[in-house]
Structures are given as C-alpha cells and as structure tokens.
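Topology and contacts: notes
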Amino acid sequence: MPMWAQALLWGTLAGGALVLGSGLSWKWNIPAKLVSSIMAFGAGVLISALAFELVDEAVQGGGLWPTVLGFLAGAVVYVSANALLARSGAKHRKRSKDQQPSEKEDPGSGTAIAVGALLDGIPESVVLGLGLITAGTVSPAMLAAVFISNVPEGLSSTAGMKKAGRSAKYVFGVWGGIALLCGLASLIGYTALETAPAGMVAFITAVAAGGILAMLADTMIPEAFEEHHNLTGLVAAVGFLSAFTIHHVGG
C-alpha cells in the first residue's frame, strides 16, 4: 500500500475511535466515575506517547532548538484558539455532565463545540502522518495512544452533548466528520512534509506535541478528575505505563 494511503488509513482509523466512544455513550448511560477513569487512562496514555514518541524523537531527528520552538508554538496556538472557542460556548466540550450549554442557552455553541473537537484531534492525526516520514511505518505506540485516548474523548463529550439536548444527527455528524478530517490531516502531514528537511519535520512534530499537552491540561485532565476517586491517579499511571510498554515492545 502506498505511504500516502497508509497515512490516510491510519489517521481515519484513529479518528474513528471518536465515533466508537460516541456510539457507546449514546446507547448507554455510562457511570460518571467510569467516564472519569477512562479519561484518566487516556490522558496517561497521551502523556507517555508525546514524551517518548514525539518530543524525544523530534530532538533526535532535528535537534533541540527546532523542538523547543515548535513545542512552545504548538502550546501557544492551541491555548489561544481554545480561549476563543471557550468564549463561544466550547469550554466544556469534553465534559460528561451538564456543563455544556444548549443551542438555546448559547446560540452558536454547537458550531464552536464541533470546531473545538476538530482542534483537539488535528495535532494527534498529523503526527501519525509524520511518523511515516521519520520511521517509514506508523508507530504502534502512537497509533494505540491516539486510538485509546480518542475513545474516552468521544464518550465523555457525547454524554455532555446528550444532556445539552443535542440530536443524534448533530452528534454523529460531528464525530463522523472529524474522523474523516483526522484522516485528511494525517495525509497532509505526510504529503506536505515528505521531502522537508529534518529540522522542519522536528519543528512540526513538536508543534503537534505542544498542542496535545495543552489540550490535555485544558480539557482531558479536568474531565478525568471531575468525579475524583482514590484510584484516578493510579489509572492515569497505568495509562502512561501501557503506552510506554507499547513503545518499547513495538520498537
């Protein structure tokens, strides 16, 4: 299979985990503590993946300064965009309780939530395409990390959307569209940078890593600790170790 097709396939597969989580949440009322635990696990997985799969490999491939500058740029861009979306009603897009506003309460919030969900998913997808450039194959650890973390994202956000009175058409339209766009983001990450110098690839990889870490702090971790219980920290640690183990076994 051509590399560009692999990039499209893996990005779409990873994005499809959002639809899986959404479907589970739409069909069943999942207990809040379970949602919290799954989100904590997903957060731990992503923290491990961005440390060992993204930042470390960016430094090795393109040097320290492109990585540092890219990481800071990614964090600044994500936080700035997220702040704008929060003012439009997307602040609690990953929350599973009743924090999300309805369209009646906050007109335009539905669009803001959809754009915010896309903002959260794009950096993860781009790095899947970049991995094909640097390693010649998709990273099992990164693919697993993105897929595992996307399930609770779809699950938690859909629970909040249901409570805000949003329709099935809206919910599945959002997540289905984002899954397809994740595939395109992975494809673009590969095709646009296929012949780029190592420093540029490192910079873009670090931009994605900075965006992912900012997303974790702004959206996933607050939801992970929404229903705090004694095992929340342990679940996040298990998620971290799971991705770390996949990284070493897969490598």
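All figures in this text were calculated on a predicted structure; none of them were measured in a lab.

The rules behind each value
Residues numbered from 1 in each chain as written. Predicted model: local features only at pLDDT ≥ 70, side-chain atom pairs only at ≥ 80, totals over all residues. Heavy atoms only, no water. UniProt positions renumbered as here; feature names shortened; annotations may be inferred. Helix = DSSP H or I, 4+ residues; strand = E, 2+ residues; numbered from the N terminus. Contact = heavy atoms within 4.5 Å. pLDDT = per-residue confidence, 0-100. Axes fitted to C-alpha atoms, helices over the stretch in contact; angles between N-to-C directions. Parallel < 35°, antiparallel > 145°, perpendicular 65-115°, else oblique. Left-handed = near helix turned anticlockwise from the far one by under 90°. Nonpolar A, V, L, I, M, F, W, Y, C, P; charged D, E, K, R; others polar.

**Let's talk about the UniProt feature "transmembrane region" (unreviewed entry) in the chain**
UniProt annotation of "transmembrane region" (unreviewed entry) refers to residues 31-52, 64-85, 126-149, 170-192, 198-217 and 229-249 when read in the numbering used here. Along residues 31-52, the helical share is 95% and the strand share 0%, with 32 Å between the first and last C-alpha atoms. Taken end to end, residues 198-217 comprises 100% helix and 0% strand; its first and last C-alpha atoms sit 29 Å apart.

**A short note on the environment of Gly210**
Within the secondary structure, Gly210 is located in helix α7 (residues 198-224). Sequence spacing of Gly210 and Leu54 is 156 residues, and the spatial spacing of their C-alpha atoms is 9.7 Å. Apart from residues no more than four positions distant in its own chain, Gly210 is found in contact with Phe71, Gly74 and Ala75.

**Some details on the confidence of the model for the chain**
Here the chain shows a mean pLDDT of 83. Residues at 70 or above account for 88%. Mean pLDDT across the elements of the chain bottoms out in helix α4 (residues 109-135) (76) and peaks in helix α1 (residues 3-27) (91).

**Brief notes about the packing of α1 against helix α6 (residues 168-193)**
Relative to each other, α1 and α6 sit at 160°, their axes nearing to 7 Å. As summarised for this structure, α1 and α6 are arranged roughly antiparallel, according to the angle between their axes. Pair α1 / α6 crosses with right-handed handedness. Along the lines of polarity and charge, the residues of the contact of α1 with α6 split into 17 nonpolar, ten polar and no charged.

**Observations regarding the packing of helix α2 (residues 32-62) against helix α5 (residues 140-163)**
With their axes 8 Å apart at the nearest point, α2 and α5 run at an angle of 150° to one another. With respect to their mutual orientation, α2 and α5 come out roughly antiparallel. Both α2 and α5 take part in a crossing whose hand is left-handed. Here α2 contributes Val35, Ile38, Met39, Phe41, Gly42, Val45, Leu46, Ala49, Glu53 and Leu54 to the contact with α5, which in turn contributes Ala141, Met142, Ala145, Ile148, Ser149, Pro152, Glu153, Leu155 and Ser156.

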